[in-house]
Amino acid sequence: MADEVVLLDRWPSPYCMRVRIALALKGVICEIKDEDLSNKSTLLLQMNPVHKKVPVLIHNGKPICESLIIVEYIDQVWNDKPSLLPSDPYQRAHAKFWADFSDKMVCLYSMSLLTSKREELEVATKEFKENLKLLEEQLGDKHYFGGEELGFLDVALLPIITGFKIREIYGKFKIEDEFPKLFAWANRCLQKESVSKSIPDQEKMYGLIVEMRKKLGVK
Ligand SMILES: N[C@@H](CCC(=O)N[C@@H](CS)C(=O)NCC(=O)O)C(=O)O
Ligand SMILES: *[C@@H]1O[C@H](CO)[C@@H](O)[C@H](O)[C@H]1NC(C)=O
């Protein structure tokens, strides 16, 4: 019997992007349902009664919640494709540590970025750059965070790419100049169709931020 896979999704959600990338890398056929988060579906409330958030993966009727837990689940269930998580326990713990670290960076819509005025943006940018520096050190001279191939940490981090343009414009700096290795990593990842088709482009994300700031009346 074929697997029935449904993703409760929201297209600009960085957490949902992680799941879409993992599903694409594993070649899983999935029905994607875009949620209206201001008017959540009964299905979402039933499937994630604790947090009431997306993403939720529903596999043969059973829900799995929390993006990193979902990515790990996908990795274990669709194990005919190369594993995303390293098999070595230490390497695995290391990948999970940095994925957890990435959580606070991944949220592009952190109210701070959306609603902050100029001075607050400077603080947010400084912190963002410090985090990028730490990540670049982790990447080192590897092709991917996972090594020769894209792995768990790459999937966890990839959504930050969609916010690069936004950060550059509000922070007045160039990722390419200050973080050349991360910039090269981003382009390498985007060359993979499973990545590029799973994430929105940067212009679209920038447009969304501009629109939301206008709506909120932030100068
Ligand atoms: N830790 C969760 C975060 C999920 C999350 O924050 N989802 C947001 C969209 S980006 C959401 O569903 N928000 C709806 C709400 O808060 O009511 C994960 O990794 O899946
Ligand atoms: C909320 O969603 C329900 C069903 O999905 C729909 O019938 C209803 O019109 C929506 N309400 C608003 C205010 O959009």
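What counts as what
Residues numbered from 1 in each chain as written. Chains lettered and ligands numbered in written order. Predicted model: local features only at pLDDT ≥ 70, side-chain atom pairs only at ≥ 80, totals over all residues. Heavy atoms only, no water. Salt bridge = Lys/Arg side-chain N within 4 Å of Asp/Glu carboxyl O. Helix = DSSP H or I, 4+ residues; strand = E, 2+ residues; numbered from the N terminus. Buried < 20%, exposed > 50% of the residue type's maximum accessible area, 1.4 Å probe, protein only. Near = heavy atom within 4 Å. Polar contact = N/O pair within 3.5 Å; in protein donor to acceptor, adjacent residues only side chain to side chain. Nonpolar A, V, L, I, M, F, W, Y, C, P; charged D, E, K, R; others polar. Pairing = 2+ DSSP bridges. Axes fitted to C-alpha atoms, helices over the stretch in contact; angles between N-to-C directions.

Trainee: Kindly report on the pattern of salt bridges, identifying the contributing residues and their values.
Mentor: Two side chains bearing opposite charge may form a pair once their charged atoms approach each other closely. Summed over the entire model, instances satisfying the criterion amount to 13 salt bridges. Note that E72 is salt-bridged to K96, the shortest N-O span being 3.2 Å. Here K96 lies in helix 4 (residues 89–106) and E72 lies in helix 3 (residues 67–77), a separation of 24 residues in the sequence. On the basis of relative accessibility, which here comes to 18%, the residue E72 falls in the buried class. Among the ionic pairs, K126 bridges to E130, the shortest N-O distance being 3.4 Å. With K126 and E130 both in helix 6 (residues 118–139) and four residues apart, this pair spans about one turn of that helix. Judged by its relative accessible area of 55%, K126 falls in the exposed class. Of the residues examined, E130 reaches a relative accessible area of 43% and is grouped as partly exposed.

Trainee: Hey, could you go over the site of ligand 1 for me, with residue numbers and the actual values?
Mentor: In the vicinity of ligand 1, the contacting residues are S13, Y15, L37, K40, K53, V54, P55, E66 and S67. Within the side chain of E66, an N or O atom sits 2.7 Å from a nitrogen atom of ligand 1. The residue makeup of the shell around ligand 1, split by class, is four nonpolar, two polar and three charged.

Trainee: Summarise the sheet that holds strand 1 (residues 5–9); cite the residues concerned and give the values.
Mentor: A sheet is described by the order of its strands in space; here four strands give the open sequence 2-1-3-4, paired in mixed fashion. Taken across any chain shown, the strands that pair with only one partner, and hence form the sheet edges, are strand 2 (31–34) and strand 4 (62–65). On average, adjacent strands in this sheet sit at an angle of 20 degrees to one another, irrespective of strand direction. Sheet topology places strand 1 next to strand 2; four bridges connect them, and they run parallel. Bridge assignment links L7 to a residue of strand 2, and that residue is I32.

Read these as layout, nothing more, since geometry by itself doesn't imply function.
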